[in-house]
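Observations on the three-dimensional arrangement
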Number of protein chains: 2
Amino acid sequence: MKTQKATVKDLLQSGDCNQEVEIRGWVRTKRGNKQVNFIALNDGSTINNIQIVVEMTNFPEEMMKKVTTGAAIYVKGLLVESAGSGQSHEIQAKELVVLGEADPEKYPIQPKKHSLEFLRDVAHLRFRTNIFGAVFRIRHAMAFAIHQYFNDHGFYYLHTPLITASDCEGAGETFRVTTLDPKNPPLDEKGEVDFKQDFFGKATNLTVSGQLEGELGAMALGKIYTFGPTFRAENSNTTRHLSEFWMIEPEMAFYDLEDNMDLAEDFLKYLIRYALEHCMDDLKFLSARLQEEEKNKKAEDRSMELIEKLNFVLTHSFERVSYTEAVEILMNSKQNKNGKFQYPVSGWGVDLQSEHERYLVEKHFKKPVILTGYPKEIKAFYMKQNPDGKTVAAMDVLFPQIGEIIGGSQREENYDKLVNRMKEVGISTESMSYYLDTRRFGSAVHSGFGLGFERLLLFVTGMGNIRDVIPFPRTPKNAEF
Amino acid sequence: MKTQKATVKDLLQSGDCNQEVEIRGWVRTKRGNKQVNFIALNDGSTINNIQIVVEMTNFPEEMMKKVTTGAAIYVKGLLVESAGSGQSHEIQAKELVVLGEADPEKYPIQPKKHSLEFLRDVAHLRFRTNIFGAVFRIRHAMAFAIHQYFNDHGFYYLHTPLITASDCEGAGETFRVTTLDPKNPPLDEKGEVDFKQDFFGKATNLTVSGQLEGELGAMALGKIYTFGPTFRAENSNTTRHLSEFWMIEPEMAFYDLEDNMDLAEDFLKYLIRYALEHCMDDLKFLSARLQEEEKNKKAEDRSMELIEKLNFVLTHSFERVSYTEAVEILMNSKQNKNGKFQYPVSGWGVDLQSEHERYLVEKHFKKPVILTGYPKEIKAFYMKQNPDGKTVAAMDVLFPQIGEIIGGSQREENYDKLVNRMKEVGISTESMSYYLDTRRFGSAVHSGFGLGFERLLLFVTGMGNIRDVIPFPRTPKNAEF
């Protein structure tokens, strides 16, 4: 195999100066005068540009006019130590070819500040900006770190199905998947849509969670994780909701709630550490961007500096607190008494909102928090029932800025208890018979949790809108590209 | 964090004998007599069981009756070197707890040979068999190796959308994704289904490929890859088709066809090498299974031994041949002249079938083959048009046993040529305007390919039915679990 083509990242990291090199990339900016031009060239491999120095007498003027922001060029030249400040290396161009032009009159991404809203409209081109280059390189790094962590810890990656006939939590609204005639669907004898004639012979939808299938895997392979797309047909147009998003769901046989908490904490710290070790250039850029944005906010509304916030998670033990204790803290807080919460905490049994979770983390404990022992009424049917008859062995990991980042639980491994709870909440035990088989045959304590990948990325990148951490967001009335 | 619980794999690899250990797992078999019982225990971490030696006088008879195939148990005891043959270590039980029983009258997975068809019906339990444990551990290893390879080579993992309003190749039949009332969909003024009222404000379907969005990423980040689920609503009930499967699609700016071929060869060899280095226990088991199955076949129908087949790929340079040359070879072959091909090769322009691809690889070249320069009529619109006006810069990588394993091409980077081809084949340039922007602004040579993950797994595991290498297969009339 030929040697791989060098990237800008390779050249900037290389110590070998005074070598002839070739590079291809896109022009970020060009400045200079009649004698010499300086091109900032980027190829996506890093947020840093490499500077191309062009002696204008060596190249046709007509060609150099085509070297505009966004144009793709090829350069051959000498890699030398840079005399200018701000960069280590530069290339003295010997050859320069314009591969693809970018008409400045038409190209939307010009060297000026574009709003995130505008860039969302040109999501197919926003990868070419510093900010989205940084976000999507970090997205890659976090995805890789997730696979690496689980592989190193003996977990097997399980691809659970996307198209499914079941609805995990009986909760989320789902998207129907069908090949029936949309206008004149076949009807059965009762005049209802005859899903027997649909592609899969029954009504099917897009999955809202891979957990139930994940449990099937864990009860044989021991430790598994899923990492795949998940769907919610909720009509929520907020900065925190996507109709299509990626979830990570580890599931472990023989793990109890404490093992589960240990894993969640270790896992999150590993990811944050990985980001700090592998993405510092991109993080610094995003931090500076954020600082700039925060300037316009009141002091009390400003959030922690990005890298400080990452270290905050890394350096603290996560505080493990019961839901009951947390509700007491919240009820007795000044915030609650002075009516500063949008949703006042009225007593045991309420579901906690993001503002409450953030209060516990940012104001009260001043460290990440894991809440356990939630009322069973506000949690899913499959969670392990505690002896008190009121609570379940749930755990939510709470972070600054975003509140809940992980939700998980020990699972109810007792067949009778699980069946009773399913009946209580009206879930068909018949259609879930395959799931109950894990409790019929060789049942054992087991646990797992779910991490919303985009939720993690909001935290690590400091971006404020979930649409800005996934390449092509799907939201109500929007499935562009 | 507490030390992780030890797995069977840990214990078998550990040299520390005469230590007290704890282990949890599922009983594979139990044999013995009134004095002593031997339990083969498996926890999914490896295909190998650990033997538990139980002195019957130390444990209640009633409890030991519950130690049946499939039961989950906890054991504490002394890890010692095994006296028996076939295992290195065993555990002399001091404590034994039955965590979950598995009634032998009801538990479907008994210690006997089950047909693959039967196990497909109990896919939620088949992970508990040796064969599917092996397959899904290898599936994990291959997925991890893919991420590792691309990460090490400077590629960024790009999550392209699953729900889309476009249909990549104008080819595959797609699944509609909708939240409209299935029985009484809203109609517009013309009496047609009013998709404006659908969730995304237009008709949407499940993606058939992430390539087009991948190109958008590559033309900014340089080198990207996708690895995600892909869907085809084809009514094909074969051993090679799934309605939901996983695809890997790298896309590289500045790569021409030759770079693309180099990458494909290096990538595949890396994966095969990884399997040989990390999955030998599972491969040996699958190889033995295959040998057993092949016994009933005629000598000429038998396939290569599994590990030999993997080494065959690893040790040969892939032969790079033009489609034109391949058609000549096939036309002149005895096979073709004697009418041995199911689809006779009649001349230039025909699409090659799996039997032709296998002939080239297994009989003619006796090495993996990369075919290039296919007729444009049988390939997708986005492929780079060769100067001959007839062919495109496509490449298909052909393997023994399965035929095409990778399909790729250099992409047409010239705006006018691409638009002309789209018009010729009837693809709307308007709805694909975002895609054409990559050719309008900063266009450059680029290439990519697609690898069907399950196709790779068929090759690596030697399994014959694609339903047996994905956890929960989706096929026409089947979306169980």
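All of these numbers come straight from a predicted model, not from anything done at the bench. (Residues numbered from 1 in each chain as written. Chains lettered and ligands numbered in written order. Predicted model: local features only at pLDDT ≥ 70, side-chain atom pairs only at ≥ 80, totals over all residues. Heavy atoms only, no water.)

1. A word on the environment of B:I427
Residue and element names in this part refer to chain B. With respect to the helices and strands, I427 occurs in the loop between α12 (415–425) and α13 (433–440). Residue class for I427 comes out buried when judged on its relative accessible area of 19%. C-alpha separation for the pair I427 and Y374, spaced 53 residues apart in sequence, amounts to 20 Å. Excluding anything up to four places from it in sequence, I427 contacts F381, M422 and M432. (Helix = DSSP H or I, 4+ residues; strand = E, 2+ residues; numbered from the N terminus. Buried < 20%, exposed > 50% of the residue type's maximum accessible area, 1.4 Å probe, protein only. Contact = heavy atoms within 4.5 Å.)

2. Section: the pattern of salt bridges
All names here are of chain A. Per the stated rule, a full pass over the model turns up 52 salt bridges over all chains. A salt bridge links D468 to R126; the nearest nitrogen and oxygen atoms lie 3.2 Å apart. With D468 in the segment after α14 (453–461) and R126 in the loop between α3 (116–121) and α4 (130–152), the pair connects residues that are 342 residues apart, well separated along the chain. Across the pair, exposure class does not vary: D468 and R126 are buried alike. (Salt bridge = Lys/Arg side-chain N within 4 Å of Asp/Glu carboxyl O.)

3. A few points about the nonpolar core
If you look at the biggest cluster of nonpolar residues, it comprises 260 residues, and the most contacted ones within it are A:M142 and B:M142. Excluding residues that lie within four positions of it along the chain, A:M142 makes contacts with A:L271, A:Y274, A:A275, A:F453, A:L456, A:L457 and A:V460. (Core = buried A, V, L, I, M, F, W, Y, C linked by side-chain atoms within 4.5 Å.)

4. Overview of the relation of the copies chain B and chain A
Least-squares fitting of chain B to chain A yields an RMSD of 0.0 Å, with the superposition described by an axial translation of 0.0 Å and a rotation of 180 degrees. This pairing of chains is accounted for by a two-fold axis. In terms of C-alpha distance to the rotation axis, chain B has B:V177 as its closest residue, with the C-alpha 2.5 Å off the axis. With an isologous cut-off of 70% or more, the 100% of interface residues of chain B that recur at the interface of chain A puts this contact in the isologous class. (Least-squares fit on C-alpha atoms with pLDDT ≥ 70 in both.)

5. Considering the pairing of strand β5 (residues 89–100) of chain A
Residue and element names in this part refer to chain A. Note that strand β3 (residues 50–55) and β5 share three bridges and pair parallel. Looking at the pairing, Q51 lines up with E90 of β5. With ten bridges joining them, strand β4 (residues 72–81) and β5 adopt antiparallel strand pairing. Within β5, the position partnered with G77 by the bridge is A93. (Pairing = 2+ DSSP bridges.)

6. What to know about unusual backbone geometry
In the Ramachandran plot, A:N18 falls in the positive-phi region, its phi being about 55 degrees despite a non-glycine side chain. Structurally, A:N18 is set in the loop between α1 (8–13) and β1 (19–32).

7. Looking at the UniProt feature "coiled-coil region" (unreviewed entry) in chain A
Feature annotation in UniProt places "coiled-coil region" (unreviewed entry) on residues 276–310 of chain A, given in this structure's numbering. Annotation note: span residues 276–310 of chain A, helix share 66%, strand share 0%, distance between end C-alpha atoms 8 Å. (UniProt positions renumbered as here; feature names shortened; annotations may be inferred.)

8. What to know about the packing of helix α6 (residues 257–278) of chain B against helix α14 (residues 453–461) of chain B
Residues and elements named next belong to chain B. With their axes 11 Å apart at the nearest point, α6 and α14 run at an angle of 45 degrees to one another. With respect to each other, α6 and α14 are oriented oblique. Here α6 runs over α14; the crossing is right-handed. Each of L268, L271, I272 and A275 in α6 lies in contact with α14, whose residues at this interface are L456, F459 and V460. (Axes fitted to C-alpha atoms, helices over the stretch in contact; angles between N-to-C directions. Parallel < 35°, antiparallel > 145°, perpendicular 65-115°, else oblique. Left-handed = near helix turned anticlockwise from the far one by under 90°.)

9. Focus: the packing of α4(A) against helix α6 (residues 257–278) of chain A
Residue and element names in this part refer to chain A. For the pair α4 and α6, the least separation of the axes is 10 Å and the interaxial angle reads 135 degrees. By the angle class used here, α4 and α6 are oblique. Considering only the axes of α4 and α6, their crossing is right-handed. For the pair α4 and α6, the contacting residues are A141, M142, F144, A145, I146, Q148, Y149, F150 and D152 in the first and L263, D266, F267, Y270, L271, Y274 and A275 in the second. Of the residues in the contact of α4 with α6, the class split is 13 nonpolar, one polar and two charged. (Nonpolar A, V, L, I, M, F, W, Y, C, P; charged D, E, K, R; others polar.)

10. Section: the packing of aromatic side chains
Given two aromatic rings, their pairing is described by the distance between the two centres and the angle made by the two planes. All names here are of chain A. Taken as a whole, this structure holds 57 aromatic pairs over all chains when the rule is applied. Feature note: the residues Y149, F150, F155, Y157, Y225, F267, Y270, Y274 and F449 constitute an aromatic cluster, connected by ring pairs. Sitting over the ring of F132, R126 keeps its end group 4.5 Å from the ring centre. Here the guanidinium or amino end of K379 rests over the ring plane of Y374, the centre of that ring lying 4.3 Å away. (Phe/Tyr/Trp six-rings, centres within 6.5 Å; stacked < 30°, edge-to-face > 60°. Lys NZ or Arg CZ within 6 Å of the ring centre and 35° of its normal.)

11. Comments concerning the sheet that holds strand β13 (residues 369–375) of chain B
All names here are of chain B. Across the sheet, eight strands lie side by side as β6-β10-β11-β16-β15-β14-β13-β12; this open sheet has mixed pairing. Two strands bound the open sheet, and with one partner strand each, they are β6 (156–157) and β12 (319–322). Strand direction decides the pairing type here: strand β15 (residues 403–410) and strand β16 (residues 446–452), joined by five bridges, are antiparallel. Along β16, the bridge assignment pairs G408 with F449. Packed onto the sheet, helix α4 (residues 130–152) meets β6, β10 (223–231) and β11 (244–253) and runs at close to 150 degrees relative to β10. Docked against the sheet, α6 engages β11, β12, β13, β14 (391–399), β15 and β16, running at close to 30 degrees with respect to β16.

12. Side note on helix α7 (residues 280–294) of chain B
Residue and element names in this part refer to chain B. With 15 residues, α7 extends 20 Å from end C-alpha to end C-alpha; this agrees with the ideal 21 Å at 1.5 Å per step. What α7 keeps buried is the set D282, L283, L286, S287, R289, L290 and E294. Looking down the long axis of α7, one finds its buried residues gathered within 165 degrees of arc, a one-sided arrangement. Tucked into the core, α7 has its buried residues touching α3 (116–121), α4, α6, α8 (306–315) and α14. (Expected span 1.5 Å × (residues − 1). Arc of directions from axis to C-beta.)

13. Focus: helix α11 (residues 354–365) of chain B
All names here are of chain B. Helix length check: α11, at twelve residues, gives a terminal C-alpha distance of 15 Å against a target of 16 Å (1.5 Å per residue), a fit within 8%. Buried within α11 we find H356, E357, Y359, L360, V361 and F365. Immediately beyond the C-terminal end of α11, within one or two residues, lies K366, with a positive phi of roughly 55 degrees.

14. Examining the domain arrangement of chain A
Residue and element names in this part refer to chain A. Each assigned domain of chain A is listed here: domain 1 (4–100) and domain 2 (130–173 + 208–318 + 367–468). Centre-to-centre separation of domain 1 and domain 2, based on C-alpha positions: 43 Å. Contact with domain 1, which involves six residues of that partner, is made by six residues of domain 2. Taken over both partners, the interface formed by domain 1 and domain 2 buries close to 460 Å², and the fraction arising from carbon and sulfur atoms is 44%. Seen at the junction of domain 1 and domain 2, the total is three residue pairs in polar contact (both at pLDDT 80 or more). Considering only residue class, the side of domain 1 that touches domain 2 consists of one nonpolar, four polar and one charged. (Domains from an automatic or database assignment. Buried area = accessible area lost by both parts, 1.4 Å probe. Polar contact = N/O pair within 3.5 Å; in protein donor to acceptor, adjacent residues only side chain to side chain.)

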